[in-house]
Structures are given as structure tokens and as C-alpha cells.
Amino acid sequence: MRHVIALDVGGTGMKAALVGAGDTASSGASGSPGAPGSGTEPRLPRQAPGLPVLHRARRATGRERGADAVVESILSFAAELRAHGERHLGEPASAVGIAVPGIVDADRGIARYAANLGWRDVPLRDLLGRRLGGVPVALGHDVRTGGLAEGRLGAGRGADRFLFVPLGTGIASAIGMGGRVEAGAHGFAGEIGHVVVRPGGAPCPCGQRGCLERYASAAAVGEAWAETCGDPGADAAACAKAVASGDPNAVRIWREAVDALADGLITAITLLDPGTLIIGGGLAEAGEILFAPLRDAVRRRATFQQLPSIVPAALGDTAGCLGAALLAWDLLHTTDRSEVTT
């Protein structure tokens, strides 16, 4: 069975899958990928079928052993997945899609920088291609790749313009605009977590003070609640439970996070005018405890703006893996078309 390898590399672990084509290889990639230097990810059709996931696996990154060990973990994991496909699906994978955090040069296939993985300028596309015998490889940014999946298969399906904002350890976004996920001229588009919402506020590792992710990420909410309740193991989910039970301190922390998030989102809405705003990540798992006050807070801040639908992400922690599979199938589809053309 023809299939691709999909890899979603996180700070501590990797999720992977062997994914069949469904109808995606022929109809799911109806637009072409952005040309080199275009600052775009593959185009998003208005509708696309689901992807059959044939095998799933997880593996630790091994980041405690350093950047070289992380790279080797990725390469060996991919080789094992290729071998599994040969044994159980009758042939090796036709392509690989891989999503990684940090700064990514998708056109050149280079993972430029990731603080949580400790690497700089890793030519992942070439390394994977060589390890796997010349298989084509597509490299993408983790959030933009997750946004690709949400836009094509998930909560943004059918939306011409959307913004995907996962609230996790940090905050970034994927901008679905004009039929594509926008990477920007230098690969930095969508860094909404570093929009300053509290000038002069908490210092951020980026060098600024008062960045959105210092107030509204799942990590920030968890840290604030842990300090307040005196339990160092408490996290954002625990805070949400305390909010539901009416704990006044939890309510205060939650309200401050929602207000900061609304300030950041109204800026994004003003600049981008999305039709759909998709909220994902750990904080979104609180459901209406988050979405009800957030919709209200954004509505209060709007003056002339046309407000988008604010909806939860549909794919959960599978978005990155599914997006990586879409990158791989889009790459194959483009290659197949060029072979026919020439």
C-alpha cells in the first residue's frame, strides 16, 4: 500500500504515523506548494478527504543527551518506520513529512534553531533523505504544519481565511490566508505569542517584556496557579478545574489570562481579518470555561472589526502528524505532476 511517513517532533517526544493517501494525493493538494522564497506553505483546498492512518508510534527525543542525539533519534525512528512499512504494507514509504519547532527554513529543508532541542542549522531534509535511501522529504514548522491540517481536515475546513492559535508551552499561530498557510518573508509569520500585550510586564526569553505567551499560554497559567495554590505540580488543567469549582484565586488568574489573550487576538483580528479563529493546545481543553469568556472578551474589545467565529481545534494532538502527512503527499503530488509534465 502506498504511504508516507509523518513525523511531529516536539520538545520532549515525537509522534509518528504511516499514512495512506485516501484521495488526498490526487485531490487534497489541488494547489501547488509555494515556490522557493515565496514564504508560503502548500495551498489549502476548500475541501479534502480524511487520511487513513495505517500505523502510529511515539518516541522520546532524547534531548537530555544533546542536539546530535536528538537528530539521531529522528533519523533512527524514521528508519524504523520505513522498515515497518516494508514489512507490513508491502513497500517502503514514498515520502516523509516532518514538522519541527523553532525557526524553520522549509524551502531549503533546514531546521535553523530550536531552543528546546538545542540545535542550529540542521539540514534535516538532506539527512533524512540520505538515511532513507533518497526518499523525498518535506520539512515544516510545527504550528504551521498543524494549521495546515486544521485548515484542510479540521476546524478550518472550508474557511478561506483562518487563524490557528495553539495555547501550549508557548503561543504561536498559523495564518491561513488566500488559500495558503503564510510563512512570511523570513519564516517568522504568526509569532503572536511575542506580541506585547502588557508593556513593561513580565520578561520574556525573546528579550521583550509583556509578551502574550507570558500571560496566556498553558505554561503561564499553570505557573501562576502553582504559585498561588502552593502545589508545584499544579498545571493549567488544575486551574481550570478550580475555576469550575468557583475558587476566587483561580478565577482571577483565569480572567487575567483570558483578558491578555483577547488583547492579543483583537490585534490579530484587526490586522488579518480571519473568518475563523481556531484555538487549540492544552488550554483549549478547558472547553467552554475558556471559550465562553474569551468570545465575550474579544467581543467587548471590537469596535469596527468584523469578528470571526471562535472555535476549538478539531484534531487535538494529531494535527502536527496529519499536517506532516499532508506535506509529504503534497510533495509527491507536485513531483508526480512535474514528471508527467516533463
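To be clear, the structure that these remarks concern was listed above.
For every chain, the first residue of the written sequence is number 1, and numbering continues from 1 onward in sequence order. Since the coordinates come from a predicted model, pLDDT governs what is reported: local features require at least 70, and pairs of side-chain atoms require 80 or more to be given and counted, while whole-chain, interface and lining totals use all residues. With hydrogens and water stripped out, all remaining heavy atoms of the structure feed into the side-chain values.

Asks: What am I meant to see in the packing of helix α2 (residues 67–89) against helix α3 (residues 124–131) here?
Replies: When two helices pack together, their arrangement is given by the angle between their axes and by how far apart the axes lie. The axes used here are C-alpha line fits, helices contributing only the stretch in contact, and every angle between their N-to-C directions lies in the interval 0 to 180 degrees. Strands here are runs of E lasting at least two residues and helices are runs of H or I lasting at least four, both read from the DSSP assignment and numbered beginning at the N terminus. Packing of α2 against α3 leaves a shortest axis separation of 10 Å and a crossing angle of 40 degrees. One way to sum up the angle between α2 and α3 is to call them oblique. As for the relative orientation of α2 and α3, their crossing is right-handed in sense. Counting all contacts with α2, which are made through Val71, Glu72, Ile74, Leu75, Ser76, Ala78 and Ala79, the residues of α3 involved are Leu127, Leu128 and Arg131. For this classification, the nonpolar set comprises Ala, Val, Leu, Ile, Met, Phe, Trp, Tyr, Cys and Pro, the charged set comprises Asp, Glu, Lys and Arg, and every other residue, Gly included, is treated as polar. Broken down by class, the residue content of the contact of α2 with α3 amounts to 7 nonpolar, 1 polar and 2 charged. If an angle is under 35 degrees, it is roughly parallel; if it is over 145, roughly antiparallel; if it lies from 65 to 115, roughly perpendicular; otherwise it is oblique. Handedness of each helix crossing follows the sense of rotation of the near helix against the far helix: counterclockwise by less than a right angle gives left-handed, clockwise gives right-handed. Contacts are residue-level and defined by heavy atoms, with any inter-residue pair within 4.5 Å sufficient.

Asks: Could you clarify how one ought to interpret the pairing of strand β13 (residues 276–280) in this entry?
Replies: It is a general feature of regular strands that their side chains alternate between the two faces of the sheet. Residue exposure (1.4 Å probe, protein chains only): buried if accessible area is under 20% of the type maximum, exposed if over 50%, otherwise partly exposed. When you tally the buried positions in β13, you get 5 out of 5 residues, the bulk of the element. We treat two strands as partners when DSSP finds at least two bridges between them. As judged from the 5 bridges shared by strand β10 (residues 162–166) and β13, these two strands associate in the parallel manner. In the sheet register, Val165 faces β13, and the bridge partner there is Ile279. Of the pairings in the sheet, the one linking β13 to strand β14 (residues 309–312) comprises 4 bridges and is parallel in character. Across the sheet, residue Leu277 finds its bridge partner in β14, namely Ile310. You can see the chain leave β13, run along helix α9 (residues 288–301) and come back into β14, and the turn it takes is right-handed. When the strands point away from the viewer and the connection leading from the first strand across the helix to the second strand turns clockwise, the crossover is called right-handed.

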